[in-house]
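Now for the letters of each chain:
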Amino acid sequence: MQALSHKTKQYLVLVAKLLVVGAAFYYIAHRLGNDKALDWQQLSAILSSSKAILPIAIVLVLTVLNRFFEILKWQALVSTFTAISLWQSTKQVLAAVTLAIFTPNGLGEYAAKALYYRKEQAKQVIFLNLVCNGIQMIIAVLAGIAGIIVFNSRYHLVPALLLTLILLGVLAVIGLVFMSRKIAIKGYSLQRLFENIKLIPKQIHRKNMLYAVLRYLCIIHQHYLIFIAFGVQQPYFMMIAAIAAVYFLGSSLPNFTFTDFAVRGSVAVLFFSKMDVNEWVIVIAATLQWLLNIVLPVTIGSWFVLRFKPNRPAHQE
């Protein structure tokens with residue numbers, strides 16, 4: 001009976017892995033097959049032009065660097081309780097991206113990474129992943145708010161009074177959260193979270209912040225260079241401000257990873273149409289970002305999902 005139970009568990013794990021990978025590729029194929037903005041012949045003609053070669057080459061380099069910095073970031077954070085190799089960190093990060101595609105705002109990433117560690121380490125892994133994503137979110141929020149202010153000063157997207165009220169509202173929420181930090185729910189509180197964050201060595205925090213900033217710069221400049229490849233000629237700082245605002249607002253809205261392109265694409269149209277950028281270019285830029293930063297990692301991560309063996313500590317992989 002014990003052998004049968006073990007074999008049954010193996011079959012269930014296999015079915016689960018096949019479902020995850022199969023669903024991931026279904027969503028991707030469905031998205032690409034139903035996107036009317038994707039005219040592959042026209043896209044190929046534009047991207048193969050001599051003016052587009054250099055910016056697209058840099059975009060591809062930034063795509064690799066984006067995930068590489070994330071891998072380094074995760075390796076550094078995990079080193080607070082166990083040592084993992086760069087290859088192990090790569091497997092965990094890319095497998096997590098694959099599982100996250102089905103969950104709201106990528107929450108499946110937390111469970112995916114925890115599966116690579118022992119049960120008693122799960123809470124610590126989830127906490128470290130929260131720290132990992134938290135600094136990324138803080139950078140996106142700060143840069144996004146600055147981007148909105150800069151963009152609005154030129155294009156007056158929203159009335160100045162309304163923008164001021166929104167910013168005051170954000171500050172009020174932050175203040176409310178800070179004041180309620182000692183309120184505990186089932187033994188958990190923000191105060192306890194902050195105390196646990198302080199226990200992480202400063203050297204790890206510095207690495208986490210550095211890699212997060214580098215990741216953000218990669219993503220923002222990917223988008224900018226895609227616009228350059230399509231012949232968009234607008235002031236650099238205004239373009240960066242608009243892109244930062246789009247990423248902030250797009251990430252703030254509830255969504256699934258596989259629909260992330262649609263959410264950010266819709267927000268992007270609102271901003272870049274003010275700069276007289278062709279709507280087709282705006283949508284295709286968002287789609288290319290999705291292909292590079294989601295589809296490509298999910299494709300590689302699917303292999304790691306299929307190769308995953310449960311209940312095996314990371315250091316024994």
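Thresholds, definitions, all that
Residues numbered from 1 in each chain as written. Predicted model: local features only at pLDDT ≥ 70, side-chain atom pairs only at ≥ 80, totals over all residues. Heavy atoms only, no water. Helix = DSSP H or I, 4+ residues; strand = E, 2+ residues; numbered from the N terminus. Buried < 20%, exposed > 50% of the residue type's maximum accessible area, 1.4 Å probe, protein only. Contact = heavy atoms within 4.5 Å. Areas by Shrake-Rupley, 256 points an atom, 1.4 Å probe, with all protein chains shown as cover. UniProt positions renumbered as here; feature names shortened; annotations may be inferred. Salt bridge = Lys/Arg side-chain N within 4 Å of Asp/Glu carboxyl O. Patch = residues over 30% accessible without salt bridge, like charges linked within 9 Å, V, L, I, M, F, W, Y side chains within 5 Å. Axes fitted to C-alpha atoms, helices over the stretch in contact; angles between N-to-C directions. Parallel < 35°, antiparallel > 145°, perpendicular 65-115°, else oblique. Left-handed = near helix turned anticlockwise from the far one by under 90°. Nonpolar A, V, L, I, M, F, W, Y, C, P; charged D, E, K, R; others polar. pLDDT = per-residue confidence, 0-100. Core = buried A, V, L, I, M, F, W, Y, C linked by side-chain atoms within 4.5 Å.

Some thoughts on the overall build of the protein chain
And then number 1: Helix and strand counts for the protein chain come out as 12 helices and 0 strands.
And then number 2: In the protein chain, the succession of α and β elements from N to C terminus is α-α-α-α-α-α-α-α-α-α-α-α.
And then number 3: Taken across its 317 residues, the protein chain has 45% of its residues classed as buried.
And then number 4: Taking the intrachain contacts of the protein chain between residues at least 6 apart in sequence as the baseline, contacts between residues at least 24 apart amount to 74%.
And then number 5: Here the protein chain has roughly 17400 Å² of accessible surface; of this, 70% comes from carbon and sulfur atoms.

Some remarks on the UniProt feature "transmembrane region" (unreviewed entry) in the protein chain
And then number 1: Under the present numbering, the feature "transmembrane region" (unreviewed entry) in UniProt falls on residues 12–29, 49–69, 126–151, 157–179, 224–249 and 280–306.
And then number 2: For residues 126–151, helix accounts for 100% and strand for 0%, while the C-alpha atoms at its two ends are 36 Å apart.
And then number 3: Helix makes up 77% of residues 224–249 and strand 0%, and the two end C-alpha atoms of the span are 17 Å apart.

Points about the pattern of salt bridges
And then number 1: All told, the structure shown has 4 salt bridges when counted by the stated rule.
And then number 2: Notably, a salt bridge pairs Glu70 with Arg67, separated by 2.4 Å at the nearest N-O pair. Of this pair, Glu70 and Arg67 both sit in helix α3 (residues 50–78), separated by 3 residues, roughly a single helical turn.
And then number 3: What makes Glu70 buried here is its relative accessible area of 5%.
And then number 4: When its relative accessible area of 13% is taken as the criterion, Arg67 is described as buried.
And then number 5: Measuring nitrogen to oxygen at the nearest pair gives 2.9 Å for the salt bridge that ties Glu120 to Arg118.
And then number 6: Overall, the relative accessible area of 33% leaves Arg118 in the partly exposed class.
And then number 7: Put simply, Arg67, Glu70 and Arg215 are held in one network by salt bridges that share partners.

Things to note about unusual backbone geometry
And then number 1: If you check the backbone angles, His156 has positive phi at about 50 degrees while not being a glycine.
And then number 2: Its identity as a non-glycine residue notwithstanding, Asp276 has a phi of 60 degrees, on the positive side.
And then number 3: Mapped onto the secondary structure, Asp276 falls in the loop between α11 (260–272) and α12 (279–307).
And then number 4: Its relative accessible area of 72% is what places Asp276 among the exposed residues.

Here we look at a nonpolar patch on the surface
And then number 1: A surface patch of nonpolar side chains, about 540 Å² in accessible area, is lined by Leu161, Leu165, Leu168, Leu171 and Ile174.
And then number 2: For Leu171, the location among the structural elements is in helix α7 (residues 160–179).

Some points on the packing of α3 against helix α4 (residues 86–100)
And then number 1: In the contact formed by α3 and α4, the axes pass within 9 Å of each other and the chain directions differ by 115 degrees. Considering their axes alone, α3 and α4 lie roughly perpendicular with respect to each other. Handedness of the α3/α4 crossing: right-handed. Residues Arg67, Phe68, Glu70, Ile71, Leu72, Trp74 and Gln75 of α3 lie in contact with α4, whose contacting residues are Leu86, Ser89, Thr90, Gln92, Val93 and Val97.
And then number 2: Grouping the constituent residues of the contact of α3 with α4 by class yields 7 nonpolar, 4 polar and 2 charged.

As for the environment of Ile200
And then number 1: On the secondary structure map, Ile200 appears in the loop between α8 (190–199) and α9 (202–229).
And then number 2: Measuring from C-alpha to C-alpha, the distance between Ile200 and Leu128 comes to 9.5 Å, with 72 residues separating the pair along the chain.
And then number 3: If we skip the residues at most four places from it in the chain, Ile200 touches Thr80, Phe127, Leu128, Val131 and His205.

Describing the confidence of the model for the protein chain
And then number 1: Summarising the model, the protein chain shows a mean pLDDT of 80, and 75% of its residues fall at 70 or more.
And then number 2: The lowest-confidence element of the protein chain is helix α1 (residues 2–33), averaging 55 in pLDDT; the highest-confidence one is α9, averaging 94.

Describing the side chain of Arg215
And then number 1: By the secondary structure assignment, Arg215 is in helix α9.
And then number 2: Arg215 sits in the buried class, given a relative accessible area of 10%.
And then number 3: With residues near it in sequence (within four places) discarded, Arg215 still touches Asn66, Arg67, Phe69, Glu70, Lys73 and Gln136.

As for the nonpolar core
And then number 1: Core analysis: the largest hydrophobic core is formed by 54 residues, its most contacted members being Phe151, Phe227, Met239, Phe272, Met275 and Val277.
And then number 2: When residues of this core are traced back to their parent elements, those giving at least two are α3, α6 (122–155), α9, α10 (236–252), α11 and α12.
And then number 3: Ranked by residue count, the leading element in this core is α12, at 11 residues.
And then number 4: Residue contacts for Phe151: discarding those within four places in its chain leaves His156, Leu157, Met238, Ala241, Ala242, Phe271, Lys274 and Met275.
And then number 5: With 21 residues, the next largest nonpolar core counts Ile71, Trp74, Val93 and Leu128 among its residues.

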